[in-house]
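# Descriptive analysis of the structure
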Amino acid sequence: MTSNAAPAELFRIWITHFRRWQPETWRDLPREAVAVELAEPGCYSAADALAYIEGHNSAALGRGECRWAVAVPVTLAFEGDPAPGETIFPEKIALTPTDG
């Protein structure tokens, strides 16, 4: 089955550190920030990324922290299907269709 539907936008959430910037709301974006760590493994939908950022940045704003969550759009690449007769190694098999 094929689909002509556009793929959903996906995001990775990064925790960043900023200097000389004071956010006023959780939606503010720093002009420049240094990536510190990936917030969580995996990708987020736009709605889930927004919810994560709202929660994290609201808390950071309340505490006056210089760590800010940002959503970075990602594109997943299709690496191809195995050929008939090809050995499929365990690390290539998803436990559930959403793994990866």
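Quick caveat: nothing in here was measured; it's all calculated off a predicted structure. (Residues numbered from 1 in each chain as written. Predicted model: local features only at pLDDT ≥ 70, side-chain atom pairs only at ≥ 80, totals over all residues. Heavy atoms only, no water.)

Of regular secondary structure, the protein chain possesses 1 helix and 3 strands. Scanning the protein chain from its N terminus toward the C terminus, one meets helices and strands in the order β-β-α-β. When each of the 100 residues of the protein chain is scored for burial, the buried share is 17%. Sequence-distant contacts, at least 24 apart, represent 68% of the contacts inside the protein chain between residues at least 6 apart. For the protein chain, the accessible area works out to roughly 8,100 Å², and carbon and sulfur atoms hold 55% of it. (Helix = DSSP H or I, 4+ residues; strand = E, 2+ residues; numbered from the N terminus. Buried < 20%, exposed > 50% of the residue type's maximum accessible area, 1.4 Å probe, protein only. Contact = heavy atoms within 4.5 Å. Areas by Shrake-Rupley, 256 points an atom, 1.4 Å probe, with all protein chains shown as cover.)

Right, let's talk about the packing of aromatic side chains for a bit. Per the counting criterion, the structure on display carries 4 aromatic pairs. Each ring, one from Phe18 and one from Trp21, has its centre 4.6 Å from the other, and the planes form 85°; the classification is edge-to-face. Connected via pairs of aromatic rings, a cluster forms that spans Phe18, Trp21 and Trp68. (Phe/Tyr/Trp six-rings, centres within 6.5 Å; stacked < 30°, edge-to-face > 60°.)

This next bit is on the sheet that holds strand 2 (residues 34-38). Strand order across the open sheet formed by 3 strands is 2-1-3, with antiparallel pairing between neighbours. Whereas interior strands pair on both sides, the edge strands pair on one side only; in this sheet they are strand 2 and strand 3 (67-74). Adjacent strand axes in the sheet meet at a mean angle of 45°, parallel and antiparallel pairs treated alike. Relative to strand 2, strand 1 (residues 10-17) runs antiparallel, the two sharing 4 bridges. Of the residues in strand 2, the one forming a bridge with Thr16 is Ala35. Across the sheet, helix 1 (residues 46-63) is in contact with strand 1 and strand 3; its angle to strand 3 comes to roughly 165°. (Pairing = 2+ DSSP bridges. Axes fitted to C-alpha atoms, helices over the stretch in contact; angles between N-to-C directions.)

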